[in-house]
Amino acid sequence: MAGRLNLWRWVVLGLAALYFLVPLAASVIFTVDVPGQGVTFDAYTQIVSTGGFTSSLLLSLELAAATIAVVLLLMVPAMVALRLGAPRLRPVVEVICSLPLVVPPIAFVAGIATVLKWGPDYLSRTPLFETFVAIQNPDFPFILVLAYVVMALPFVYRALDSGLRAIDVKTLVEAARSCGAGWPQALVQAVLPNLRGALLNASFLTLALVLGEFTVAQLLGFQPFAVWIYSVGGSNAQLSVAVSVLSLVVTWALLLTLAGVGGRDRTAPSRG
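Residues numbered from 1 in each chain as written. Predicted model: local features only at pLDDT ≥ 70, side-chain atom pairs only at ≥ 80, totals over all residues. Heavy atoms only, no water.

## Details of the packing of helix α4 (residues 90–98) against helix α7 (residues 142–165)
Next up, step 1: Where α4 meets α7, the axes come as close as 8 Å, and the angle between the chain directions of the two elements is 145°. Along the contact surface, α4 presents Arg-90, Val-93, Glu-94, Cys-97 and Ser-98, while α7 presents Leu-153, Pro-154, Tyr-157, Arg-158, Asp-161 and Arg-165.
Next up, step 2: Along the lines of polarity and charge, the residues of the contact of α4 with α7 split into 5 nonpolar, 1 polar and 5 charged. (Axes fitted to C-alpha atoms, helices over the stretch in contact; angles between N-to-C directions. Helix = DSSP H or I, 4+ residues; strand = E, 2+ residues; numbered from the N terminus. Contact = heavy atoms within 4.5 Å. Nonpolar A, V, L, I, M, F, W, Y, C, P; charged D, E, K, R; others polar.)

Following this line, the structure appears as C-alpha cells:
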C-alpha cells in the first residue's frame with residue numbers, strides 16, 4: 001500500500017512538473033532562438049538597458065513593501081485580538097476577508113475609479129480633495145497600495161490563521177503580561193516571534209500578488225512592473241517574454257528560499 005502511494009505521488013509530481021516546466025521551456029526557447037541567427041541571449045542582455053525597466057521594477061517593489069507593511073499592521077493585531085477576545089466572530093471575519101476572491105477585478109477597479117471621480121466633482125473645496133490628488137501621485141500611487149491590501153486580505157488571513165492555530169496565543173500573552181509587559185510589548189516580543197513562518201508566508205504571497213497584478217494598475221493608468229512588461233510586449237515580444245521568464249524564475253527562487261527557511265525552523269526544535 002505504501003509503495004502504491006509513493007508511486008502515485010511521483011506520478012502527480014511528474015505531471016505537475018511537466019505542467020509548469022514545458023511552458024517555461026517553450027518560453028525560454030522562444031527568447032533565445034532567433035530565426036536566421038541561431039541561439040542568442042540578446043533578449044536577456046537588453047532587459048536592464050530597456051527604458052522603464054528600473055523605474056517600473058522599483059515602483060513595484062516599493063508598492064509591495066508598503067502593501068506588506070499596511071496589511072500586516074492591519075491584520076496581525078486584529079487577528080490576535082479576535083483570537084483572544086472574540087473567537088466566535090472568526091467565521092464572520094473569514095467571510096469578510098474572503099470577499100475579494102469573489103469580486104471580479106474589473107468590477108473592483110471600476111468602483112475605485114468611480115470613487116476617485118468624486119474628488120473633482122464633490123470635494124474640490126474641501127481638504128479631502130488634496131488627499132485624493134496625493135494618493136494618485138504617479139511617482140508613488142498610494143491608491144494602488146490600498147487596492148492591493150484589499151486584494152491580499154484572503155491570502156494574508158489564511159497564512160496568519162494557520163500560524164495562530166499552531167501556537168497557544170492566550171498562554172503566550174498571559175505569560176508576557178504576568179512578567180510586566182504591556183499589550184504592545186506582549187504582541188511584539190511573545191507572539192510575533194512564534195509567527196515568523198506565517199508572517200513570511202503572508203509577505204511572500206503579497207509580494208507575488210503585487211509583482212504580478214496587472215488589471216487594477218493598467219485601468220487606473222499607472223505603470224508598475226507587470227504593466228511595463230505588457231507595454232514592452234507590443235514592440236518587442238522576445239524581450240517581453242524574457243522579462244516574464246526572469247520574473248518567474250526570481251519568484252520561484254524566493255519561494256524555494258522561503259520553503260527552506262520554514263523547513264529549518266520546523267526541524268530546529270526536534271534537533272534540540
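There's more to say after this.
## Topic: the pattern of salt bridges
Next up, step 1: Applying the stated criterion across every chain yields a total of 4 salt bridges.
Next up, step 2: Among the ionic pairs, Arg-90 bridges to Glu-94, the shortest N-O distance being 3.8 Å. Taken as a pair, Arg-90 and Glu-94 lie in helix α4 at a separation of 4 residues, close to a single helical turn.
Next up, step 3: We classify Arg-90 as partly exposed; its relative accessible area is 21%.
Next up, step 4: Taking the relative accessible area as the measure of exposure, Glu-94 reaches 18% and is therefore buried.
Next up, step 5: Residue Asp-161 is joined to Arg-90 by a salt bridge in which the shortest nitrogen-to-oxygen separation is 2.9 Å. Of this pair, Asp-161 sits in helix α7 while Arg-90 is found in helix α4, placing the two residues 71 residues apart along the sequence.
Next up, step 6: When salt bridges that share partners are traced, they join Arg-90, Glu-94, Arg-158, Asp-161 and Arg-165 into one network. (Salt bridge = Lys/Arg side-chain N within 4 Å of Asp/Glu carboxyl O. Buried < 20%, exposed > 50% of the residue type's maximum accessible area, 1.4 Å probe, protein only.)

## Things to note about the environment of Val-103
Next up, step 1: In this structure, Val-103 sits in the loop between α4 and α5 (105–122).
Next up, step 2: A C-alpha to C-alpha distance of 25 Å links Val-103 and Ile-229, two positions 126 residues apart in sequence.

## Some details on the confidence of the model for the protein chain
Next up, step 1: Summing up the model confidence of the protein chain, the mean pLDDT is 82 and the portion of residues at 70 or higher is 91%.
Next up, step 2: Of all secondary-structure elements in the protein chain, the lowest mean pLDDT belongs to helix α13 (residues 237–271), at 68, while α7 reaches the highest, 92. (pLDDT = per-residue confidence, 0-100.)

## Observations concerning α7
Next up, step 1: The end-to-end C-alpha separation of α7 is 33 Å, in line with the 34 Å expected for 24 residues at 1.5 Å each.
Next up, step 2: Counted residue by residue, α7 has 17 buried out of 24 residues, so it is predominantly covered. (Expected span 1.5 Å × (residues − 1).)

## What about the environment of Ile-229?
Next up, step 1: In this structure, Ile-229 sits in helix α12 (residues 225–233).
Next up, step 2: Spatially, the C-alpha atoms of Ile-229 and Ala-242 are 9.6 Å apart, while their sequence positions differ by 13 residues.
Next up, step 3: Ignoring anything within four residues of it in the chain, the contact list for Ile-229 reads Ser-240, Val-243 and Ser-244.

## Concerning the packing of α5 against α7
Next up, step 1: Viewed as axis vectors pointing N to C, α5 and α7 meet at an angle of 145°, and their least axial separation amounts to 12 Å. Taken as a pair, α5 and α7 cross one another with a handedness that is right-handed. In this structure, α5 contributes Phe-108, Ile-112 and Leu-116 to the contact, and α7 contributes Ile-143, Ala-147, Val-150 and Met-151.
Next up, step 2: In terms of residue class, the contact of α5 with α7 is made up of 7 nonpolar, no polar and no charged. (Left-handed = near helix turned anticlockwise from the far one by under 90°.)

## Overview of the packing of aromatic side chains
Next up, step 1: Evaluation of the coordinates by the stated rule reveals 5 aromatic pairs.
Next up, step 2: Plain terms: the ring middles of Phe-53 and Phe-225 are 6.0 Å apart, the flat faces sit at 70° to each other, and that makes the pair edge-to-face. One end of the pair, Phe-53, is in helix α3 (residues 53–85); the other, Phe-225, is in helix α12, and 172 residues separate them in sequence.
Next up, step 3: A relative accessible area of 6% means that Phe-225 is categorised as buried.
Next up, step 4: Taken together, the ring pairs in this structure connect Phe-53, Phe-225 and Trp-228 into an aromatic cluster. (Phe/Tyr/Trp six-rings, centres within 6.5 Å; stacked < 30°, edge-to-face > 60°.)

## Digging into the nonpolar core
Next up, step 1: Core analysis: the biggest nonpolar cluster contains 49 residues, and Leu-72, Met-75, Leu-144, Tyr-148, Val-156, Leu-160 and Leu-220 have the highest contact counts within it.
Next up, step 2: Taken together, the elements giving at least two residues each to this core come down to α3, α5, α7, α8 (169–178), α9 (183–191), α10 (196–212) and α11 (215–220).
Next up, step 3: At 14 residues, the largest contribution of residues to this core is made by α7.
Next up, step 4: The residues contacting Leu-160, other than those within four sequence positions of it, are Met-75, Val-76, Met-79, Ala-198 and Leu-199.
Next up, step 5: Formed by 10 residues, the second largest nonpolar core is a distinct cluster that contains Phe-53, Ile-229, Val-232 and Val-243. (Core = buried A, V, L, I, M, F, W, Y, C linked by side-chain atoms within 4.5 Å.)

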